[in-house]
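Structural description and commentary
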Amino acid sequence: MIAFDFEYYKPTTIQEAVTLFYDLQANGKIPHYYAGGTEFISRARMHEIQVDAVIDLKGIPDCNEFQFNGNQLVIGSAVTLTTIADSNLFPLLSDVSRAIAHRTARNKITIGGNISGHLCYREALLPFLLADSEVVIAEKKGIRTTSIHKIYQNGVQLNDGEFLIQIITDGQFSNYPYWSSKKTKHSNVNYPIVSLASMKVDGKIRVALSGVCDFPFRTEQLELVLNDTSYSEQTRIQQVLNHLPGATHNDMHGSREYREFVLAQELAKLLQRSKGVS
Ligand SMILES: Cc1cc2nc3c(=O)[nH]c(=O)nc-3n(C[C@H](O)[C@H](O)[C@H](O)COP(=O)(O)OP(=O)(O)OC[C@H]3O[C@@H](n4cnc5c(N)ncnc54)[C@H](O)[C@@H]3O)c2cc1C
């Protein structure tokens, strides 16, 4: 049960949603953008969040687009993980999405909710980091387009009142060789100890990780180390562990040492698999 009352709005345009947000704030209310609602409902039930109004983004057509526009794949923030998993428009993203939660939850969870949510995993972000995707953001003054790295690397850098409209990815990234793996503590339906997504672009391995640090990431330094064949595979893997961009995540799902052990194993598999793949 959610122990507080709140107003529910379902705008049909971007402008209406943004205006609503600031009008509600100006009237002393706490507004909250709402997509699949799975995280909002859990947090509200556990008294982790209290709001006066939710603004459901699913009624906005731009947030529901899912198609190629020329060579650009446009994914609206309100598209569900089930829709993405069942499509093959961006195969790596489909594989990563299919490994998140179970189908009933994926029917609700949206791509925008997954990558903008409160939890540190945000696994669906990984393919977009590899593809250097762009994000379209609704802001007070209108709309801006910027790099996914600026908004979603090292946490979510959205300002109060802003929301994600779409993610745009160059179609070439649907064709590169790719690999993903997700290791959990017990069943397949669980948060990752290590979730790894990788692509080979122009002979170089790109890799993005979730579950390892307190945020999903892809770093240039880590890829330089991984692609430096003048060192042995073991040395490269050790170097990656030495160059993680933050402290290794340590919680009841997996200790720091265990996550690093699993990461080393997954990187060894990645290096083996990527041999001879161009
Ligand atoms: C059973 C289950 C298993 C799960 N397993 C995993 C897992 O293995 N890996 C993983 O990564 N995640 C997992 N999750 C987490 C899930 O992906 C997130 O909780 C996600 O936020 C839920 O998306 P939603 O669309 O339901 O978001 P909502 O509950 O609607 O919103 C979540 C947050 O995102 C914000 N938000 C939503 N849409 C936007 C937008 N367009 N722009 C800006 N902010 C927005 C909301 O304001 C809110 O703060 C799991 C969730 C469940 C229920």
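Presented here is an overview of the structure given in this document. (Residues numbered from 1 in each chain as written. Predicted model: local features only at pLDDT ≥ 70, side-chain atom pairs only at ≥ 80, totals over all residues. Heavy atoms only, no water.)

Quick look at the layout of surface pockets now. Within this model, the largest pocket holds a volume of roughly 1,300 Å³. Taken together, 48 residues form the lining of the largest pocket, with Glu 39, Gly 113, Ser 116, Gly 117 and His 118 sitting closest to its centre. Among the elements of the structure, helix 1 (14–26), strand 2 (31–34), helix 2 (38–45), helix 6 (111–116) and strand 8 (163–170) are those that each provide at least two residues to the lining of the largest pocket. Of all the elements, helix 2 adds the most residues to the lining of the largest pocket, at 5 residues. Residue classes in the lining of the largest pocket are distributed as 22 nonpolar, 18 polar and 8 charged. (1 Å grid on protein atoms, 1.4 Å probe; cavity = no way out; pocket = protein on both sides within 12 Å on 5 of 7 lines; lining within 4 Å. Points joined across faces, edges and corners; volume = space filled by probe spheres on them. Helix = DSSP H or I, 4+ residues; strand = E, 2+ residues; numbered from the N terminus. Nonpolar A, V, L, I, M, F, W, Y, C, P; charged D, E, K, R; others polar.)

Moving on, we come to unusual backbone geometry. At Arg 122, a position not held by glycine, the phi torsion is positive, near 45°. Note that Arg 122 resides in the loop between helix 6 and helix 7 (125–130). A positive phi angle is found at Asp 202, which is not glycine, with a value near 50°. Along the chain, Asp 202 turns up in the loop between strand 10 (192–201) and strand 11 (204–210).

Quick look at the environment of Asp 228 now. Within the fold, Asp 228 resides in the loop between helix 9 (220–227) and helix 10 (233–242). Each C-alpha atom of the pair Asp 228 and Met 252 lies 35 Å from the other, and the pair is 24 residues apart in sequence. For Asp 228, the side chain forms a polar contact with the side chain of Ser 230, separated by 2.5 Å. (Polar contact = N/O pair within 3.5 Å; in protein donor to acceptor, adjacent residues only side chain to side chain.)

Looking now at the packing of helix 10 against helix 11 (residues 256–274). Viewed as axis vectors pointing N to C, helix 10 and helix 11 meet at an angle of 135°, and their least axial separation amounts to 10 Å. In terms of orientation, helix 10 and helix 11 fall into the oblique class. Pair helix 10 / helix 11 crosses with right-handed handedness. Here helix 10 contributes Glu 233, Arg 236, Ile 237, Val 240 and Leu 241 to the contact with helix 11, which in turn contributes Glu 260, Leu 263, Ala 264, Leu 267, Ala 268, Leu 271 and Gln 272. (Axes fitted to C-alpha atoms, helices over the stretch in contact; angles between N-to-C directions. Parallel < 35°, antiparallel > 145°, perpendicular 65-115°, else oblique. Left-handed = near helix turned anticlockwise from the far one by under 90°. Contact = heavy atoms within 4.5 Å.)

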